[in-house]
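Structural description and commentary
Here are the chains, one letter per residue:
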Amino acid sequence: MGLGDVVVPLALSISICFLSCSRDLIFVDAKEQNLTVTPINYDLYHSSGKFLEEIKALVHRHSDMLAMETIKAGNKGYGAEITVVTYSERKRETDERSKFRILLSFGQHGRELITTELALRILSILSGEQSLPNMDQASLNTTLDKLVIPMENLNGRKLVEAGDLCERRNGRGVDLNRNWSVDWGKKEKDYDPYEENPGTAPFSEPEAQIMRKLAISFEPHVWINVHSGMEASLALFMPYDHKNTTLDGLLLKRMNSLLEEVNNLHFQKRCVVGSGGGSVGYFAHGTATDFMYDVVRVPMSFTFEIYGDVTASSRDCFKMFNPTDKTSYVRVLDEWSTTFFTIFKLGPLRLGDINSKAPAKLDKFVSIDEYLDGYLMERRNRYGKKMEVLDLGMQEIRTYFRLFLLSSVLLMFMFCSRISKSKSSRPVPAMPL
């Protein structure tokens, strides 16, 4: 679920209105108890297993432009994996850094199945197996060199498919869009500990660790975190999520210009456009988009809300977060796949001089852990080493680095102490009478 996805518990309404509205509450409660929960429509949606099988088959059929890898990580007995697909039309021609890089995240919250369906649709269009009206594939390929599309929260998705249709968190109950380091752990008055559990620390979750490594090594010019379920239905958000602050300067104008053009062109101004924290009525702390903009320095960092059924009950989560009929399903995928390809085409134009905006070259401080993570991920991408081996050595590298610093300090202290002692113990020559 995305930025506008706070579900107000029924118990809150009961505590406020119990004395004056008892009849209404009894009626509402009875209505909720008799609610028919909409199940997952597998005639429209892929299960996670079939989704990954189809992605693998698609990559195999188009290995000249698509590549796939499964990245694994673990923490304190909990393991996760993310399947990442990389698109590059010039894959065989050069290994140099591409001119325009886009990092997309789908399925960060398990219950938002429509977002991963959109990922599959975009890949199918990129590979040429599906098409969009009035889209010039050749002109797109001269602009877009690489595209990375992960399915982020596989463990949470499996919980949804097992029957917990309202589950947004990962496999051990942490909201992956609250587990990033920018303003992590701060709780608003309407904080829901079940829905918004930020984890025990920033990047405590393997899924967030993997995404952080991808971002630091990939150095995207555009980041888009794709969600569904917002009460206002559709939104195109910019930073920030954790405060009511709108970006200023030339970069704001470029981002806002792109979003307004997309809103006018594809949605007839139906989307909410603006900062996440300033538009949805509440602040979200520790989000991926704020980290991408503040730390990774992605010039254009966005969160999109692609669907929401405002008529659905808060208990009917599949209906609230996903279109349930074929007409709506096709319409959402058509609208948003067209939107993404518009961004692929217009992004470089709005961004201006891409090379001058390379994220890693800006002066934002990145910690040694984040630097090492990004460095090792880049080596894995370039030389094809397995992620498991690198992850296994990360803790040792950090430990050795810190031990090296500590031992250097201790050796310096011992050296200085020895010099001081040698000076103090040196015999004083006798003075002549």
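Our structure's up above, just so we're on the same page.
What counts and what doesn't
Residues numbered from 1 in each chain as written. Predicted model: local features only at pLDDT ≥ 70, side-chain atom pairs only at ≥ 80, totals over all residues. Heavy atoms only, no water. Disulfide = S-S within 2.5 Å. Helix = DSSP H or I, 4+ residues; strand = E, 2+ residues; numbered from the N terminus. Expected span 1.5 Å × (residues − 1). Buried < 20%, exposed > 50% of the residue type's maximum accessible area, 1.4 Å probe, protein only. Core = buried A, V, L, I, M, F, W, Y, C linked by side-chain atoms within 4.5 Å. Pairing = 2+ DSSP bridges. Patch = residues over 30% accessible without salt bridge, like charges linked within 9 Å, V, L, I, M, F, W, Y side chains within 5 Å. Areas by Shrake-Rupley, 256 points an atom, 1.4 Å probe, with all protein chains shown as cover. Salt bridge = Lys/Arg side-chain N within 4 Å of Asp/Glu carboxyl O.

1. Looking at the state of the cysteines
Tallied over the entire structure, the rule returns 1 disulfide. Linked covalently through their sulfurs, Cys166 and Cys317 form a disulfide whose S-S length is 1.9 Å. Disulfide Cys166-Cys317: the torsion about the S-S bond is 95 degrees, which places it as right-handed. One end of the pair, Cys166, is in the loop between helix H6 (154-161) and helix H7 (206-218); the other, Cys317, is in helix H11 (residues 317-321), with 151 residues separating them in the sequence.

2. Details of helix H4 (residues 113-127)
In an α-helix, one turn spans 3.6 residues; hence positions three or four apart end up facing the same way. Its 15 residues give H4 an end-to-end C-alpha distance of 22 Å, which sits within 8% of 21 Å, the value for a rise of 1.5 Å per residue. Counting buried positions along H4 gives 15 out of 15 residues, so the element sits mostly inside the fold. One or two positions beyond H4, positive phi appears at Gly128, with a value near 95 degrees.

3. Regarding the nonpolar core
In terms of nonpolar packing, the biggest core is built from 64 residues, with Ile122, Phe302, Phe304, Trp336 and Phe340 touching the most fellow members. With 10 residues, helix H12 (residues 326-351) is the single largest residue contributor to this core. If you look at the next biggest cluster of nonpolar residues, it comprises 23 residues, including Ile71, Ala208, Phe218 and Val296.

4. Description of the pairing of strand S1 (residues 66-75)
Pairing between S1 and strand S2 (residues 78-87): 10 bridges, direction antiparallel. The residue of S2 that forms the bridge with Ile71 is Ile82.

5. A few points about a nonpolar patch on the surface
Together, Leu403, Leu406 and Leu410 line one region of the surface with nonpolar side chains, adding up to about 280 Å² of accessible area. Inspection of the secondary structure puts Leu406 in helix H14 (residues 387-425).

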